[in-house]
Amino acid sequence: MSPEVVISTVSAVVSLLGAVVVGWATAWSARRVRQFDRSIEVQDRAQNKAEQAEAMLSRYREPLLGAAHNLQARLYNIVNKDFLASYLTDDDPDTRRYARDYTVYVLAEYLCWAEIIRRDLRFLDLRGIARNRTFVELIEASHRTLSRGWAAQAWQLFRGQQRAIGELMMTETDAADAARHESIGYVEYCARLDTDATFGAWFARLRRNVDDLVHPDRDNQTRLIRLQNALVDLIEFLDPDRERLPAKYRDRLAPDARSS
C-alpha cells in the first residue's frame, strides 16, 4: 500500500472518529440541556403550586378562621359554661330562638366555608404541597368527627349532609380579589328558616338536637368535645403567631377517654 493511500485512509479514519466524537458530544450536551430545562420546569411548577397554595390560604384564612372560632367558642360555652341551659330556658322567646338558631348557624357557616374550599381545591393540583396537605387534613378532622357514629347521635351529619348544608348556606360574591362564594349572614339564615320550607327541613334535626344538649350527659358531649379540639387545631394552623385570635380564645375542652 502506497504512503499516499495510508495517509488518505488514516485521515478518513481520524475524520470519522472526530465526527463520532463531535456527534456524541453534541448529543450529550443536548441531553444535559434538556435535563436542565426539565429540572427548571419542575422547579417552576413546584414554585407555582406553592404560590397557588399560599394564595388559597390567604384568600380563605380570615373567613375560615372566623367561622372556626365562632363554632368552637359556642361548643366550649355549651360544654363548660352551660350556655344552653341558661338561655334555652329563658322567659324571652327571642333569647331562646337566638340560643338555638345561632348555635346551628355557626355550624352551618363553618360547613359552608369548608365546602367553598373543597370546590376550589378540585381545580388546583396542590396535593404535593406539605402545607396544603396539612390544611386539608385539619378540615377533614372536623368532617370525620361530625360523621362518626357514636352512641349519642346528637349533631351527627354524614358527609353528604355536611356538603348539602354547606351548599345551602352559600351565596355568590362579585369581589374580584376574594372568594367567588361566601356564607349567607345570620339575618338571611333566620329569614329562610321562616319562609323556605326546603331550606328549613335541612336544619330541623340539628335545631332539635340543640334542645337535647341543654343538660347533656358526658356521652352526648363526645362529638362536641372532639369537634371543638379539631377546630382549635385548625385555628392554630391558620393563625400560628396568634395575631388575629389571642391565646385566651383557644382554650380546649378536656377530652373524654371514652371518646377515642
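Reading the values: the criteria
Residues numbered from 1 in each chain as written. Predicted model: local features only at pLDDT ≥ 70, side-chain atom pairs only at ≥ 80, totals over all residues. Heavy atoms only, no water. Helix = DSSP H or I, 4+ residues; strand = E, 2+ residues; numbered from the N terminus. Buried < 20%, exposed > 50% of the residue type's maximum accessible area, 1.4 Å probe, protein only. Contact = heavy atoms within 4.5 Å. Areas by Shrake-Rupley, 256 points an atom, 1.4 Å probe, with all protein chains shown as cover. Salt bridge = Lys/Arg side-chain N within 4 Å of Asp/Glu carboxyl O. Core = buried A, V, L, I, M, F, W, Y, C linked by side-chain atoms within 4.5 Å. Phe/Tyr/Trp six-rings, centres within 6.5 Å; stacked < 30°, edge-to-face > 60°. Axes fitted to C-alpha atoms, helices over the stretch in contact; angles between N-to-C directions. Parallel < 35°, antiparallel > 145°, perpendicular 65-115°, else oblique. Nonpolar A, V, L, I, M, F, W, Y, C, P; charged D, E, K, R; others polar.

**Here's the deal with the overall build of the protein chain**
At step 1: In terms of regular secondary structure, the protein chain is built from 8 helices and 2 strands.
At step 2: Going from N to C terminus, the protein chain has its helices and strands arranged as α-α-α-α-α-β-β-α-α-α.
At step 3: Burial statistics for the protein chain: of 260 residues in total, 40% are counted as buried.
At step 4: Of the contacts made within the protein chain by residues no fewer than 6 positions apart, 75% connect residues no fewer than 24 positions apart.
At step 5: For the protein chain, the accessible area works out to roughly 14,500 Å², and carbon and sulfur atoms hold 53% of it.

**Description of the pattern of salt bridges**
At step 1: Considering all chains together, one arrives at 17 salt bridges under this definition.
At step 2: Between E115 and R118 there is a salt bridge whose closest N-O contact spans 3.0 Å. Here E115 and its partner R118 are both found in helix α3 (residues 93–121), 3 residues apart, which amounts to about one turn of the helix.
At step 3: Owing to a relative accessible area of 3%, E115 belongs among the buried residues under this scheme.
At step 4: In this structure, R163 and E115 form a salt bridge, with 3.5 Å as the shortest nitrogen-oxygen distance. Placement of R163 in helix α5 (residues 159–168) and of E115 in helix α3 is noted, with a sequence separation of 48 residues between them.
At step 5: With a relative accessible area of 35%, R163 lands in the partly exposed category.
At step 6: One salt-bridge network, in which partners are shared between bridges, spans E62, E236, D239, R242, R244 and R250.

**A few points about the nonpolar core**
At step 1: By size, the foremost hydrophobic cluster in this structure holds 60 residues, and its most contacted members are L64, L71, Y110, M169, Y189, F203 and L234.
At step 2: Listing elements by their share of this core, those giving two or more residues are α1 (3–81), α2 (83–87), α3, α4 (130–147), α5, α6 (186–195), α7 (197–212) and α8 (222–238).
At step 3: Among the elements that line this core, the one with the most residues is α3, at 15 residues.
At step 4: With sequence-adjacent residues up to four places away left out, F203 is seen in contact with V104, A108, I165, L168, M169, Y189 and L193.

**Let's talk about the packing of aromatic side chains**
At step 1: Scanning the entire structure with this criterion turns up 13 aromatic pairs.
At step 2: Aromatic pair Y98 and Y186: ring centres 6.1 Å apart, planes at 90°, arrangement edge-to-face. Residue Y98 is located in helix α3, and its partner Y186 is located in helix α6; the two are separated by 88 residues in the primary sequence.
At step 3: Residue Y186 is classed as partly exposed on the basis of its relative accessible area of 23%.
At step 4: Clustering of aromatic rings is evident, with ring pairs tying together Y98, Y102, Y105, Y186, Y189, F199 and F203.

**Comments concerning the environment of R97**
At step 1: As for its placement among the helices and strands, R97 is situated in helix α3.
At step 2: Accessibility expressed as a relative area gives 26% for R97, which makes it partly exposed.
At step 3: For R97 and C190, which are 93 residues apart along the polypeptide, the C-alpha to C-alpha distance reads 9.7 Å.
At step 4: Ignoring anything within four residues of it in the chain, the contact list for R97 reads Y102, Y186, C190, L193 and D194.

**Overview of α5**
At step 1: Within the sequence span of α5, burial applies to Q162, A164, I165, G166 and L168.
At step 2: Along its buried surface, α5 packs onto α3, α4, β1 (170–172), α6 and α7.

**Re the environment of F203**
At step 1: Structurally, F203 can be placed in helix α7.
At step 2: Spatially, the C-alpha atom of F203 lies 8.3 Å from that of L193, the residues being 10 residues apart in sequence.

**Brief notes about the packing of α3 against α6**
At step 1: Here α3 crosses α6 at 105°, and the two axes come no closer than 11 Å. Taken together, the axes of α3 and α6 lie roughly perpendicular to each other. Side by side, α3 and α6 meet where R97, Y98, D101, Y102, V104 and Y105 of the first sit next to Y186, Y189, C190, L193 and D194 of the second.

**As for the packing of α3 against α5**
At step 1: In the contact formed by α3 and α5, the axes pass within 7 Å of each other and the chain directions differ by 95°. Taken as axis vectors, α3 and α5 run roughly perpendicular relative to one another. On α5, the residues touching A108, L111, C112, E115, R118 and R119 of α3 are Q162, R163, I165, G166 and E167.
At step 2: Here the residues of the contact of α3 with α5 sort into 4 nonpolar, 2 polar and 5 charged.

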